[in-house]
Amino acid sequence: MAQKYLLALDQGTTSSRSIIFNHRGEVVASCSEPFDQLYPKPGWVEHDANQIWNSQLHTAREVIRQADLKIGDIAAIGIANQRETTVVWDRNSGEPVCNAIVWQCRRTAEYCDRLKAEKFDRALKEKTGLVADAYFSGTKAAWILNHVPGAREKAEKGSLAFGTIDSWLVYKLSGCRTHITDYSNASRTLLYNIHDLKWDTEILRRFDIPASMLPEVRPSSHVYTVADPKILGAALPISGMAGDQQAALFGQCCFDPGMTKNTYGTGCFLLMNTGTEPKRSESGLLTTIAWGIDGRVEYALEGSIFIAGAVIQWLRDELKLIDTAAETEALAALVEDANGVYIVPAFVGLGAPYWDPYARGSILGLTRGANRSHIVRAALESIAFQTKDVADCISHDSGLTLSELRIDGGASANNFLCQFQADLLQTKVTRPKILETTARGAAYLAGLAVGFWKGKEELIRNVVVDREFFPRMPLVQRQNLLRGWQRAVDRSRGWERVD
Ligand code: ADP
């Protein structure tokens, strides 16, 4: 193939980024632009969909300029996006009918409580693999139809379109011609039946959402359309898309059942590839579509941790115990252990496997000898303990053994954390050289569809490991630590509940 590069658009929650990758999957140039976070009411979070588009477009143009390449050198465009964030726009004007409702927005929490009270959550779990939570797009779309003046009438006439951010970007990139999404994004809407691979008519009826609004669902690696040449200067194929966490799983080359990645960011996202079979979770994890490729759909189990790197931010910003996140590594290494100190960062309750919204953060096991290093170390350890809890759930629910954990995200730079994680999991932890796994996944999906890469084997050959961490902690020490963590979690649970 004559072209040398792939353009990945990584549309995140706080910034839009564009990255150019070469054939070896290396980053040639990257550019990012933040955009506004809108908080119109407590618990509500919105984005201006036009600002998202404009920031994405600026970064795409800028990264092409920076890389100093000809537009003809780019083989295709791939998209990874913040998931679940909901846009509804008018097909005639191409304008959104209101701000995008962001995945974090809690405005439909009561609606979800009603769904649970009416026991519809069981059907939702069965059909979509998800839980009845305001996080997902379906209830957000219903909210728009029920609250934006004139929206329902327009929707009934077929003149409104619903989409997650992937759909919105493709619509804009294609010159307002193409209204599609991919399997991975569709599986986060709470409207898509992940077994039948269809928008679910019973759910649509329950949420009162007209099917005419919905995008067509396509594979994650497929030539969907071409970009309007007026936008980037050439009719580049748009040929890959996936929600950010699924894109990262693909970017980490977790192609086989059992392969697992964890992203250590503000929170953690742990995803295991479970192959062509959707695995039902008994511990409240999500069953989701990883991607559609090569004529089939593959699934994943997903567990998230609310507070991970955020506990380090808290040490820095609230406790003022550190100046930078990076210094925690050296501080933790100053001491042999946490001296019996445990931090349970249940600042917003606890997720899997405890599911306790009343849990609150705590520091336990303090003695007169506990010092700054012990606290910092306990904070880092809490990230690994929580990951271990979720990894146990994933292994249990999938029936698959975790033989390696591939990691990325900001906090994966911390060698102490990585080693401690390997020790707790008793599994190899692998950190790739290129941590841009989300954008890379989008590039890979797009590149495979246009023959830029011939197959997954070629992508596997691109994997360059930065460092591997092997378990080395004695068994008894590990058991004692895990027992201590369990006791600390028990003390934190139910704290907010007023009986
Ligand atoms: P997000 O995408 O969620 O914004 P990032 O992947 O950029 O997050 O990671 C940032 C998070 O990682 C922050 O919460 C920060 O505290 C944490 N972090 C960054 N570097 C380190 C480090 N060296 N050690 C521990 N935590 C770190």
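Residues numbered from 1 in each chain as written. Predicted model: local features only at pLDDT ≥ 70, side-chain atom pairs only at ≥ 80, totals over all residues. Heavy atoms only, no water.

Taken together, 13 residues form the shell around the ligand, and within it Thr266, Gly309, Gln313, Gly410 and Asn414 come nearest. With respect to the ligand, the backbone of Gly309 contributes an N or O atom lying 3.0 Å from an oxygen atom. In the model, an oxygen atom of the ligand is placed 3.5 Å from a nitrogen or oxygen of the Ala411 main chain. Counting residues per element, the shell around the ligand draws most heavily on helix α11 (residues 309-317), at four residues. Each residue belonging to the shell around the ligand can be placed in one class, and the counts come to five nonpolar, eight polar and no charged. (Near = heavy atom within 4 Å. Polar contact = N/O pair within 3.5 Å; in protein donor to acceptor, adjacent residues only side chain to side chain. Helix = DSSP H or I, 4+ residues; strand = E, 2+ residues; numbered from the N terminus. Nonpolar A, V, L, I, M, F, W, Y, C, P; charged D, E, K, R; others polar.)

Another aspect to go through is the nonpolar core. The biggest cluster of nonpolar side chains holds 74 residues, and the ones touching the most others in it are Leu191, Phe207, Ile209 and Phe250. Once residues lying within four places of it in the same chain are set aside, the contact partners of Ile209 are Gly138, Ala141, Ala142, Leu145, Leu191, Leu204 and Leu214. Among the nonpolar cores identified, the runner-up in size contains 57 residues, and Leu270, Ala310, Tyr354 and Cys393 belong to it. (Core = buried A, V, L, I, M, F, W, Y, C linked by side-chain atoms within 4.5 Å. Buried < 20%, exposed > 50% of the residue type's maximum accessible area, 1.4 Å probe, protein only. Contact = heavy atoms within 4.5 Å.)

A few words on the pairing of strand β17 (residues 286-293). The buried count for β17 comes to eight of eight residues, which makes it a mostly enclosed element. Inspection of the sheet shows β17 paired to strand β18 (residues 296-305) by seven bridges, in the antiparallel sense. Paired with Gly292 across the bridge in β18 is Val297. With antiparallel pairing between neighbouring strands as the criterion, β17 and β18 make up a hairpin whose turn holds two residues, including Asp294 at a positive phi of roughly 55°. (Pairing = 2+ DSSP bridges.)

Counted under the stated rule, the structure contains 33 salt bridges. A salt bridge links Lys127 to Asp200; the nearest nitrogen and oxygen atoms lie 3.0 Å apart. Residue Lys127 is located in helix α3 (residues 120-128), and its partner Asp200 is located in the loop between β11 (198-199) and α8 (201-207); the two are separated by 73 residues in the primary sequence. By relative accessible area, which is 18% here, Lys127 ends up buried. A residue is classified by how much of its surface remains accessible, and Asp200, at 6% relative accessible area, is buried. Taking the shortest distance from any N to any O, the salt bridge between Arg406 and Glu404 comes out at 3.4 Å. Take Arg406: its relative accessible area is 16%, and that puts it in the buried class. Where salt bridges share partners, they join Arg83, Glu84, Arg188, Asp244 and Glu302 into one cluster. (Salt bridge = Lys/Arg side-chain N within 4 Å of Asp/Glu carboxyl O.)

Where two aromatic rings form a pair, the distance of their centres and the angle of their planes describe that pair. This model, assessed by the stated rule, comprises 17 aromatic pairs. Centre to centre, the rings of Trp103 and Tyr135 are 6.0 Å apart; their planes meet at 65°, and the pair counts as edge-to-face. One end of the pair, Trp103, is in the loop between β7 (100-101) and α2 (109-117); the other, Tyr135, is in the loop between α3 and α4 (137-147), with 32 residues separating them in the sequence. Judged by relative accessible area, which is 24%, Trp103 ranks as partly exposed. For Tyr135, a relative accessible area of 14% puts it in the buried group. Relative to Tyr171, the ring of Trp168 has its centre 6.2 Å away and its plane inclined at 25°; by these criteria the two rings are stacked. Of this pair, Trp168 and Tyr171 both sit in helix α6 (residues 165-173), three residues apart, roughly one helical turn. (Phe/Tyr/Trp six-rings, centres within 6.5 Å; stacked < 30°, edge-to-face > 60°.)

Turning our attention to the packing of helix α13 (residues 372-398) against helix α14 (residues 415-425). Where α13 meets α14, the closest approach of the two axes is 9 Å, and the angle between their N-to-C directions is 40°. Classified by the angle their axes make, α13 and α14 are oblique. In this structure, the crossing between α13 and α14 has a hand that is right-handed. Contact residues: Arg377, Leu380, Glu381, Ile383, Ala384, Phe385, Thr387, Lys388 and Ala391 in α13; Phe416, Leu417, Phe420, Gln421, Leu424 and Leu425 in α14. For the contact of α13 with α14, the per-class residue count stands at ten nonpolar, two polar and three charged. (Axes fitted to C-alpha atoms, helices over the stretch in contact; angles between N-to-C directions. Parallel < 35°, antiparallel > 145°, perpendicular 65-115°, else oblique. Left-handed = near helix turned anticlockwise from the far one by under 90°.)

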